Number of protein chains: 2
Amino acid sequence: MKNRVKITRMDLAITQEQLAKSVGATRQTIGLIEKGEYNPSLHLCMAIARELGKTLDELFWEVE
Amino acid sequence: MKNRVKITRMDLAITQEQLAKSVGATRQTIGLIEKGEYNPSLHLCMAIARELGKTLDELFWEVE
DNA sequence: TCTGTTTGCAATATATATCTTACATATGTA
DNA sequence: TACATATGTAAGATATATATTGCAAACAGA
């Protein structure tokens, strides 16, 4: 898994569609971001982070 | 200023062109990101952050 | 003055994120 | 069984990030 969107979303017990609507995106976009197959925009990443109560680093930053 | 890319880059005394080349982007793209007029991709944001020795939150996160 | 460096800005072209629509599958529940 | 919900996936259309090229301005140094 390349990011922590899916885990965090499931912890909050909300669906892909609920998250999508709250950030102004579609369910498909959320699904692809969770799979790590997308390179989402910064604005969308920030909207998702705020909605999930996390920061950019907590959801997307990778330490090596 | 919407993000801290320009300040951080100038602290490191590197040019837009040097940063652009090291992250595989163009000078124009870096310039527009610094002005906050762009919505860059997550991958580019991470490349810039790594190159500047910062994290996503340090460069792009906004607390309100 | 002249020259090189850095940055801003603009027009056009290209790549790709995102949307729209649709169908399939798995799961839970009546 | 039947129905609803949640998710995966795919094709085509649209929006926009990014590249390319070029020109201009500001500045420093010779």
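The structure reproduced in this document is the subject of the present report. (Residues numbered from 1 in each chain as written. Chains lettered and ligands numbered in written order. Predicted model: local features only at pLDDT ≥ 70, side-chain atom pairs only at ≥ 80, totals over all residues. Heavy atoms only, no water.)

### Brief notes about the interface of chain A and chain B
Working step 1: On the side of chain B, 17 residues touch chain A, which itself brings 17 residues to the contact.
Working step 2: Looking only at chain A, the three residues that lose the most surface to chain B are A:Asn39, A:Leu42 and A:Trp61, adding up to 36% of its buried area.
Working step 3: Where chain A touches chain B, the interface holds zero salt bridges.
Working step 4: On inspection of chain A and its partner chain B, the count reaches 13 residue pairs in polar contact (both at pLDDT 80 or more).
Working step 5: Elements with a contribution of two residues or more to the side of chain A that touches chain B: helix 4 (42–52) and helix 5 (56–60) of chain A.
Working step 6: Sort the elements by how many residues they give to the side of chain A that touches chain B and helix 4 of chain A lands first, with six residues.
Working step 7: Split by residue class, the side of chain A that touches chain B holds nine nonpolar, four polar and four charged. (Contact = heavy atoms within 4.5 Å. Buried area = accessible area lost by both parts, 1.4 Å probe. Salt bridge = Lys/Arg side-chain N within 4 Å of Asp/Glu carboxyl O. Polar contact = N/O pair within 3.5 Å; in protein donor to acceptor, adjacent residues only side chain to side chain. Helix = DSSP H or I, 4+ residues; strand = E, 2+ residues; numbered from the N terminus. Nonpolar A, V, L, I, M, F, W, Y, C, P; charged D, E, K, R; others polar.)

### As for the relation of the copies chain A and chain B
Working step 1: Placing chain A over chain B gives an RMSD of 0.0 Å and needs a rotation angle of 180°, together with 0.0 Å of translation along the axis. Taken together, the rotation angle and the small translation identify this as a two-fold axis. Identified as the residue of chain A closest to the rotation axis by C-alpha distance is A:Ser41, at 2.1 Å.
Working step 2: When the interface residues of chain A are mapped onto chain B, 100% of them again lie at the interface, so the same face is used by both copies. (Least-squares fit on C-alpha atoms with pLDDT ≥ 70 in both.)

### Details of the environment of B:Met46
Working step 1: Considering the arrangement of structural elements, one finds B:Met46 in helix 4 (residues 42–52).
Working step 2: Between the alpha carbons of B:Met46 and B:Ser22 there is a distance of 12 Å; along the sequence they are 24 residues apart.
Working step 3: Those residues in contact with B:Met46 that sit more than four places away from it in its chain are A:Phe60, A:Trp61, A:Glu62 and B:Leu56.

### Describing the protein's contact with DNA strand D
Working step 1: Around DNA strand D, a shell composed of 18 residues is seen, among which A:Gln16, A:Lys35, B:Thr26, B:Thr29 and B:Tyr38 lie nearest.
Working step 2: The sugar and phosphate moieties of DNA strand D supply 60% of its atoms located within 4 Å of the protein.
Working step 3: Contacts to DNA strand D include A:Arg9, whose side-chain N or O atom sits 2.9 Å from a phosphate oxygen.
Working step 4: The contact in question runs from a base oxygen of DNA strand D to an N or O atom on the side chain of B:Gln28, over 2.9 Å.
Working step 5: Mapped by element, the contributors of at least two residues to the surface near DNA strand D are helix 1 (5–11) and helix 3 (27–35) of chain A together with helix 3 (27–35) of chain B. (Near = heavy atom within 4 Å.)

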